[in-house]
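# Results of the structural survey
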Amino acid sequence: QVQLVESGGDLVQPGGSLRLSCTASGRFLSINSMAWYRQAPGKQRELVAIISSGGFTSYADSVKGRFTISRDNAKNTGYLEMNSLKPEDTAVYYCNAAVRVSDYIRNFWGQGTQVTVSS
């Protein structure tokens, strides 16, 4: 079984910064892509950013230039650096990873971490 544990969510003022972390543990061979999604109240879950095993990244238009996704493969950990936060960034942020378990790849989700941007 693979577990993803997120941390770093908090209450922050507009214009502030936060760094989210997501660490994978359990029995697996490798992690392919890692991604961050978010879900605001009353809205659908949306992709925020994704990073491939080779380090290629892609971002939602709403966060380009403000958020940076990265990963430390040695630590099985992904990060989301969030700067210039806006109230509309308020949401539960979820980590997702495509993990190679034996001879197949399976998607796993973290439990979510709350980010609130408010003065």
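Note that residues are indexed from 1 along each chain, following the sequence as it is written. Local features in a predicted model are, by the rule used here, given only for residues with pLDDT of at least 70; side-chain atom pairs are given and counted only at 80 or more, and totals for whole chains, interfaces and linings are based on all residues. Think of the side-chain values as coming from all heavy atoms in the structure, minus any hydrogens and water.

This part covers the side chain of Ser-21. Here Ser-21 is to be found in strand 3 (residues 18-26). Burial classification: accessible surface area is computed with a 1.4 Å probe over protein chains only, and a residue below 20% of its type maximum counts as buried, one above 50% as exposed, and the rest as partly exposed. Under the relative-accessibility criterion, Ser-21 is labelled buried at 16%. Secondary structure counts use DSSP, requiring at least four H or I residues in a row for a helix and at least two E residues in a row for a strand, with both numbered from the N terminus.

Let us now look at the state of the cysteines. Our working definition of a disulfide is a cysteine sulfur pair at a distance within 2.5 Å. Following the criterion strictly, the structure yields 1 disulfide and no others. Here Cys-22 pairs with Cys-95 through a disulfide, and the sulfurs are 2.0 Å apart. Classification of the bridge connecting Cys-22 and Cys-95 rests on its S-S torsion, roughly -75°, and on that basis the disulfide is left-handed. Taken together, the residues span a long stretch of sequence, with Cys-22 in strand 3 and Cys-95 in strand 9 (residues 91-101) at a distance of 73 residues. We classify Cys-95 as buried; its relative accessible area is 1%.

No statement about biological role is implied by the geometric values presented.
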